[in-house]
Amino acid sequence: IWKMKLKNRNAQMNSFTKIFFLFLMVCFYSEVASAQSAAEIFKNANDLYKKNKFDEAASAYEKIIGQGYESPDAFYNLGNCYYKLKRIGKAILYFKKAEKISPGDEDIQHNLQIAELKTIDKIRPLPQLKIFSWWNEFVSSQSSDGWSFLAIFSLWISVIVFTTSMFVFRKKIFSRLSFALILVSVCFFLLAYHQKKNEESDNEAVLMVSNTDVKSAPDANSSNLFIIHEGTCFKIFDSVGNWNKIKLEDGKVGWIESNSYLKI
């Protein structure tokens, strides 16, 4: 009886193992199939764009993004589609999304600038001290992944230099250099953390409607302060019901309804 129970238990374990590995295989192949499907849709969207079928291409890119495959290329191409369709608000929105992931991409920045020229509102940012302006440009020159890569690379170089100082040359200059590289690595990690917070922030938005009145209070009956038009970018600071408090780059503040914009 004992041997029989042992065999049954082994059989149960073997069955469980088979089911477990079958489950892993199904998950793996479903991920591969999903990735292939996204790649096929992306290729199809590119072909539609080349044929000037911008509406269909935009729908295909939207489908990829809706599946969770967010990439600067998908956002960039979608922005191009909406620019061709003369939907400037959405073009700027997706160029901004692409820029957030890949801040150093010259093509993205160039097309974003062209799209912004089509907007009615020419808002001049408040003047900043040169050092703050330089710092912001420096931090945003790399994505969080880019700063993280530099941090890890610096850390590995410091390990190699330290190992060299311990077992090969045994000179103090190498150990000091290793310590300096560790400090550089820490700085890169801090920059990566700061940039990650910027990338994940959801307080930036773009106006989607042709124009809207910016109110003095979260109330349709409150006085109008000024008008903004499609494609205008702003930051969101507060919300009351269906109203959001916004701030433009030139410092103007007011309230608009939340159904008039999309977040970057």
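Residue numbers run consecutively from 1 along every chain, following the written order of its sequence. Given that the model is predicted, a residue must reach a pLDDT of at least 70 before its local features are reported, and side-chain atom pairs must reach 80 or more before they are shown or counted; all residues, however, enter totals for whole chains, interfaces and linings. Side-chain metrics rest on all non-hydrogen atoms present in the structure, leaving aside hydrogens and water.

Visitor: For the overall build of the protein, give the residues involved together with the corresponding values.
Guide: Assigned secondary structure in the protein consists of eight helices and seven strands. Throughout, exposure labels follow a simple rule: accessible area from a 1.4 Å probe, protein chains only, divided by the maximum for the residue type, with under 20% read as buried, over 50% as exposed, and the rest as partly exposed. Taken across its 264 residues, the protein has 31% of its residues classed as buried. Counting contacts in the protein only where the partners sit at least 6 residues apart, residues at least 24 apart contribute 55% of the total. What counts as a helix is a DSSP run of H or I of at least four residues, what counts as a strand is a run of E of at least two, and both are numbered from the N terminus. Only heavy atoms enter the contact rule, under which two residues are in contact if any of them lie within 4.5 Å.

Visitor: Explain the packing of helix H7 (residues 144-167) against helix H8 (residues 172-200) to me, and be specific about the residues and the numbers.
Guide: Axes here refer to lines fitted to C-alpha atoms; in helices the fit is confined to the stretch in contact. Angles between the N-to-C directions go from 0 to 180 degrees. Interhelical geometry of H7 versus H8 gives an angle of 165 degrees and a closest axis separation of 8 Å. Of the possible angle classes, the one that applies to H7 and H8 is roughly antiparallel. As for how H7 packs across H8, the hand of that crossing is left-handed. For classification, angles of less than 35 degrees are called roughly parallel, those exceeding 145 degrees roughly antiparallel, those between 65 and 115 degrees roughly perpendicular, and all remaining angles oblique. Each crossing is labelled by how the near helix is turned from the far one, with a counterclockwise turn of less than a right angle marking it left-handed and a clockwise turn marking it right-handed.

Visitor: If you had to explain the nonpolar core to someone new, which residues and values would you point to?
Guide: Across soluble globular proteins, you tend to see nonpolar side chains buried next to one another. Of all hydrophobic cores here, the largest spans 29 residues; its most connected members are Tyr61, Leu78, Ile92, Tyr94 and Val206. Breaking this core down by element, the ones donating at least two residues are helix H1 (2-50), helix H2 (54-66), helix H3 (72-84), helix H4 (88-101) and helix H5 (106-117). If near-sequence neighbours (up to four positions away) are discounted, Val206 is found in contact with Gly89, Ile92, Leu93, Gly231, Thr232, Cys233, Phe234, Tyr261, Leu262 and Ile264. Buried residues of nine kinds, namely Ala, Val, Leu, Ile, Met, Phe, Trp, Tyr and Cys, make up a nonpolar core once their side-chain atoms join them within 4.5 Å.

Visitor: Tell me about H5, residues and numbers included.
Guide: Over its 12 residues, H5 runs 17 Å from end to end, which matches the ideal 16 Å to within 8%, given 1.5 Å per residue. Considered for burial, the residues of H5 that qualify are Ile108, Asn111, Leu112 and Ala115. All buried residues of H5 lie within an arc of 105 degrees about the axis, which places them on one face of the element. Structural note: H5 exposes Glu106 and Leu117 on the side pointing more than 90 degrees away from its buried face. Looking at the buried side of H5, the elements it contacts are H3 and H4. Polar contact criterion, stated in full: a pair of N or O atoms within 3.5 Å, where within protein one must be able to donate a hydrogen and the other to accept it, and residues adjacent in sequence count only if both atoms are side-chain atoms. The N-cap residue of H5 is Asp105: its side-chain oxygen and the backbone nitrogen of Asp107 are 2.9 Å apart. For a helix, the expected span equals 1.5 Å multiplied by the residue count minus one. Each C-beta atom gives one direction from the helix axis, and the arc is the one those directions make.

Visitor: An account of the pattern of salt bridges is requested, with residue identities and associated values reported.
Guide: Each reported salt bridge corresponds to a side-chain nitrogen of Lys or Arg within 4 Å of a carboxyl oxygen of Asp or Glu. Under the counting rule described, the total for this entry stands at one salt bridge. The partner of Asp47 in a salt bridge is Lys43, and the shortest N-O contact between them spans 3.4 Å. Of this pair, Asp47 and Lys43 both sit in helix H1, four residues apart, which is roughly one turn of the helix. A relative accessible area of 27% means that Asp47 is categorised as partly exposed.

Visitor: Break down the environment of Phe189 for me, citing the residues and quoting the values.
Guide: Relative to the helices and strands, Phe189 is located in helix H8. A relative accessible area of 39% means that Phe189 is categorised as partly exposed. For the pair formed by Phe189 and Ala151, sequence separation is 38 residues and the distance between their alpha carbons is 5.6 Å.

Visitor: Provide a residue-level description of the confidence of the model for the protein, including the pertinent values.
Guide: Low pLDDT means the predicted atomic positions in that stretch should not be read closely. Looking at the protein as a whole, the pLDDT averages 84, with 85% of positions reaching at least 70. Counting contacts from residues 1-13, a segment whose pLDDT is below 50, to residues more than four positions away or on other chains yields zero contacts. Every residue carries a pLDDT, the predictor's confidence in it, which falls somewhere between 0 and 100.

Visitor: Can you break down the pairing of strand E4 (residues 233-240) residue by residue, with the values?
Guide: Two faces, one strand: in a regular strand the side chains alternate between the faces of the sheet. Here, any two strands with at least 2 DSSP bridges between them count as paired. Relative to E4, strand E1 (residues 204-207) runs antiparallel, the two sharing three bridges. Within E4, the residue paired with Val206 across the bridge is Cys233. Remark: two residues form the turn of the hairpin made by E4 and strand E5 (residues 243-247), two consecutive strands paired antiparallel; Gly241 in that turn has positive phi of roughly 60 degrees.

Visitor: Account for the pairing of strand E6 (residues 253-257), naming residues and giving values.
Guide: Summarising the sheet, E5 and E6 pair through five bridges and their orientation is antiparallel. Considered in E6, the bridge of Lys245 is made with Trp255. Where E5 folds back on E6, the antiparallel hairpin that results is connected by five residues, among which Gly251 adopts a positive phi of roughly 100 degrees.

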